Amino acid sequence: MENVLVKKDKQLSSGNGVEKPLQKRLEVLKTYKLYIGGKFPRTESGRYYLAENKKGEKLANMCLGSRKDFREAVVAARNAFGDWGSRSAFNRGQILYRIAEMLEGRKAQFIDEIIKQDNTLEEAKLEVDVAIDRLIYYAGWCDKFQQIYSAVNPVASSHFNFSSPEPTGVVSLIAPQNSSLIGMVSVIAPIIAGGNTCIVLPSFSKPLCAVTFAEVLNSSDLPGGVVNIITGKVKELLPYFSDHMDVNAIAYCEKNEEDKKLIQDKASLNMKRTQFYNTKNWLSDQGQSPYFIMDFQEIKTTWHPIENIGGTKGGY
Amino acid sequence: MPQKMITIPDFSLSPRIDKTGIEERADRITKRSIKKETKVNGLKLVLNMIDLTTLEGKDTEGKVKQMCYKAAHLMDTYPELPTVAAVCVYPSMVAIAKKMVEGTGINVASVATAFPSGQSALKVKLADTRYAVSEGADEVDMVISRGKFLEGEYNFVFDEIAQVKEACGNARLKVILETGELITFDKVRRASDIAMYAGADFIKTSTGKIAPAATLPVTLVMLEAIRDFYYKTGKMIGMKPAGGISKSKLALHYLVMVNEILGEEWMNNHWFRFGASSLANDVLMQLMKEKTGVYQGKDYFAID
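Residues numbered from 1 in each chain as written. Chains lettered and ligands numbered in written order. Predicted model: local features only at pLDDT ≥ 70, side-chain atom pairs only at ≥ 80, totals over all residues. Heavy atoms only, no water.

*Asks:* Can you explain the overall build of chain A? Please cite residues and give values.
*Replies:* From N to C terminus, chain A includes 11 helices and 10 strands. Counting contacts in chain A only where the partners sit at least 6 residues apart, residues at least 24 apart contribute 75% of the total. (Helix = DSSP H or I, 4+ residues; strand = E, 2+ residues; numbered from the N terminus. Contact = heavy atoms within 4.5 Å.)

Now the structure itself:
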């Protein structure tokens, strides 16, 4: 087969011995879209922005997401919460592990995108490796953090009294803006490991991996709507991420004090659980901890009467 | 307009419906954009047109009381909201509902005639209707015999409606066609014609127990039947789409359609109703969004 091809090429080559292709093939480039409810829609606003790297190379036309995209994403996240939040912790762990597997399989693509977005090959390789390991880390924690953070409480009545963590609900997340992949993965993983669903605003200047990561999520048995990704401007979308009454918690991973003030102000409308992460280096071990899971858990305490449990006689 | 002499037409000659045309037209209506004050006014009108409904085997006195309270107090923190038009319950709950909505101007509608299947003897259906009315129902929602209709027994269906109408006395009669079981638009049109000539005050799409329930295209077919009937006889008939309308946006599309096909005279709860249970909360959420500028969550609205 190879011989035939070679022969053919020779016939097509020009007389001077230099082989030229007859015409340059047009590359089929990916359209970078949003990820809402397990689907990849374009932004309803019809707005786009050009993602460029520091060398001025044009990387992609990204969707400039709008408040209505966010609204749709909240609806999707709320619908998905019932199922995801009530799945067994073990099953959530399996799915997080599956995400890691899918990411491993597409390593090359992520490395390529990270390099395009101003990183060296070594940096890119490290970032993808850490992201995969981080998913495995939280996959493991899925069915273990509950035991560690639960308690049996001493009470002065005949009750069995215990406290255990439960997911908060829908979380909106402003991902670290200076990293393409690892920042976003480090915050998404603990949120969904704990049974929450989320709407993510990834890096504005380095948005490529976010959309590719959505493709990974979409092929990982993760139900649609558990993670929704909207590319766009922090300044524009932050008010809606903060004040939507159907969002139960918000995570902000930047340092702008004005933004923080705005979030605190608006999140108080419905008492959102508010988390500010100032972790500089998500690549280090500081970027992972079961406490990140606990940041989006609520503690439920149950009083269970035990005076005559199961109809048995008194024990004295 | 003076009432003309009504002659009963041959229902097998009811107009045939152009399915593609109806669907296209219904689809175009969804492309209208209604914003700001118009939207707020539209939403308030929607609230005022709702028949707040609970029709479940597990309905209890408590559930009906709660719903009736909600009907009269949609949202006390939002001043000057209208109430819904009516509450819609089973005959056994009419007395309770009647007592609860006393003095609020809200009507009590009761389903009757062996709802939802309608598979019973005529005398049972009439007794069912009389019972609902004697308990205090202001409106009766009856079902037609779909099986007989599909067999082509149009006279049977016609007579049944006419007798139930008589049993209603002063109560207004809504006739449920259960369009999901009639299969084609031609049959929906024919059933609409039969119901209107037999004395219906309202025609209604569905029981809410069969999918598909109300859709924009099927409502369009029925609205056109009402319009044609009005031109022929000078008599206004009401319309009530029911089942599956749970979002404000969709409800506004319905209003646009009514306004276009029938005109402003029909744009009030005497002539148009929504049969719905969860629509009210969605409308309230949209109204609060317009008022506060903040997207709302259902955790902060009363359970309906």
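Next, the rest of the story.
*Asks:* Let's hear about the pairing of strand β5 (residues 170-174) of chain A: which residues, and what values?
*Replies:* Residues and elements named next belong to chain A. Judged by how many residues are buried, β5 sits mostly within the fold: 5 of 5 residues are covered. Where burial is concerned, the two faces of β5 agree: the one with V170, S172 and I174 and the one with V171 and L173 are both buried. Judged from the 5 bridges that link them, β5 and strand β6 (residues 197-201) form a sheet pairing that is parallel. Residue pairing in the sheet places V170 in a bridge with T197 of β6. What joins β5 to β6 is helix α7 (residues 182-193), and the crossover it makes is right-handed. Bridge count between β5 and strand β8 (residues 249-252): 4 bridges; the pairing is parallel. (Buried < 20%, exposed > 50% of the residue type's maximum accessible area, 1.4 Å probe, protein only. Pairing = 2+ DSSP bridges. Right-handed = clockwise from strand over helix to strand, strands pointing away.)

*Asks:* Before we move on, can you summarise the interface of chain A and chain B with the specific residues and values?
*Replies:* On the side of chain B, 9 residues touch chain A, which itself brings 12 residues to the contact. Taking both sides of the interface into account, the surface hidden between chain A and chain B amounts to around 920 Å²; carbon and sulfur atoms contribute 52%. Between chain A and chain B we count 0 salt bridges in total. Joining chain A to chain B, the criterion identifies 2 residue pairs in polar contact (both at pLDDT 80 or more). (Buried area = accessible area lost by both parts, 1.4 Å probe. Salt bridge = Lys/Arg side-chain N within 4 Å of Asp/Glu carboxyl O. Polar contact = N/O pair within 3.5 Å; in protein donor to acceptor, adjacent residues only side chain to side chain.)

*Asks:* Can you explain unusual backbone geometry? Please cite residues and give values.
*Replies:* Of the consecutive residues F115(B) and P116(B), the connecting peptide bond is found in the cis state with omega at 0°. Position of P116(B) among the secondary structure elements: in the loop between β3 (107-111) and α5 (122-135). A cis amide bond links A211(B) with the next residue in sequence, P212(B), at an omega value of 0°. Examined against the element boundaries, P212(B) turns out to sit in the loop between β6 (202-204) and α9 (216-233). One non-glycine residue, D118(A), lies in the positive phi region at around 70°. Of note, D118(A) is situated in the loop between α4 (107-116) and α5 (121-141). The phi dihedral of K36(B) falls on the positive side, at around 50°, and the residue is not glycine. By the element assignment, K36(B) lies in helix α2 (residues 36-48). Residue class for K36(B) comes out exposed when judged on its relative accessible area of 56%.

*Asks:* Give a description of the nonpolar core that names residues and reports values.
*Replies:* Ranked by internal contacts, the top residues of the largest apolar core, which has 98 residues, are I161(B) and F274(B). Ranked by residue count, the leading element in this core is α9(B), at 10 residues. Discounting chain neighbours no more than four positions away, the residues touching F274(B) are V46(B), M49(B), I50(B), D51(B), K240(B), P241(B), I245(B), A251(B), Y254(B), L255(B) and L279(B). Counting 57 residues, the second largest nonpolar core, distinct from the first, contains I188(A), A189(A), L217(A) and L222(A). (Core = buried A, V, L, I, M, F, W, Y, C linked by side-chain atoms within 4.5 Å.)

*Asks:* Let's hear about the state of the cysteines: which residues, and what values?
*Replies:* Residue and element names in this part refer to chain A. One pass over the full model with this rule turns up 0 disulfides over all chains. Here C63 stays unpaired: no disulfide links it, and the sulfur of C209, its closest cysteine neighbor, is 16 Å away. With a relative accessible area of 0%, C63 lands in the buried category. Here C209 stays unpaired: no disulfide links it, and the sulfur of C253, its closest cysteine neighbor, is 16 Å away. C209 sits in the buried class, given a relative accessible area of 0%. (Disulfide = S-S within 2.5 Å.)

*Asks:* An account of α4(A) is requested, with residue identities and associated values reported.
*Replies:* All names here are of chain A. Within the sequence span of α4, burial applies to F110, I111, E113 and I114. All buried residues of α4 project into a common sector of 165° when viewed along the axis, lining one side. Looking at the packing, one finds that the buried side of α4 touches α3 (89-105), α5 and α8 (208-218). A positive phi of about 70° marks D118, the residue just after α4. (Arc of directions from axis to C-beta.)

*Asks:* Can you break down the packing of α3(A) against α8(A) residue by residue, with the values?
*Replies:* Residues and elements named next belong to chain A. As a packed pair, α3 and α8 sit with axes 9 Å apart at the nearest point and diverge in direction by 125°. Between α3 and α8, the interaxial angle falls into the category oblique. Here α3 runs over α8; the crossing is right-handed. Residues I99, M102 and L103 of α3 lie in contact with α8, whose contacting residues are F213, V216 and L217. Its residues assigned to classes, the contact of α3 with α8 shows 6 nonpolar, no polar and no charged. (Axes fitted to C-alpha atoms, helices over the stretch in contact; angles between N-to-C directions. Parallel < 35°, antiparallel > 145°, perpendicular 65-115°, else oblique. Left-handed = near helix turned anticlockwise from the far one by under 90°. Nonpolar A, V, L, I, M, F, W, Y, C, P; charged D, E, K, R; others polar.)

*Asks:* I'd like a rundown of helix α11 (residues 279-292) of chain B, residues and numbers included.
*Replies:* One turn of the α-helix equals 3.6 residues, which is why residues spaced by three or four share an orientation. In this model, α11(B) (14 residues) spans 20 Å end to end at C-alpha, consistent with the 20 Å of a helix rising 1.5 Å per residue. Most of α11(B) sits out of view: 10 of its 14 residues are buried. Where the residues of α11(B) are buried, they touch α2 (67-86) of chain A together with α2, β1 (50-53), α3 (61-72), α10 (248-261) and β8 (274-276) of chain B. With its phi angle positive at about 80°, G293(B) sits one or two positions after the end of α11(B). (Expected span 1.5 Å × (residues − 1).)

*Asks:* Describe in detail the sheet that holds strand β10 (residues 297-305) of chain A, supporting the description with residues and values.
*Replies:* Residues and elements named next belong to chain A. Read from one edge to the other, the open sheet built from 3 strands follows the order β3-β4-β10, with strand pairing classed as antiparallel. Taken across any chain shown, the strands that pair with only one partner, and hence form the sheet edges, are β3 (151-153) and β10. Each adjacent strand pair in this sheet contributes to an overall mean axis angle of 25°, direction not counted. Where β3 lies against strand β4 (residues 159-167), 3 bridges are found, and the strand directions are antiparallel. Paired with V152 across the two strands is F162, which belongs to β4.

*Asks:* Could you give an account of the side chain of D59(B), naming the residues involved and the relevant values?
*Replies:* Residue and element names in this part refer to chain B. Locating D59 in the fold gives a position in the loop between β1 and α3. Here the side chain of D59 touches T54 through a polar contact of 2.7 Å, side chain to side chain. A polar contact is formed between the side chain of D59 and the backbone nitrogen of E56, at a distance of 3.1 Å. If we skip the residues at most four places from it in the chain, D59 touches T54, Y90 and M93.

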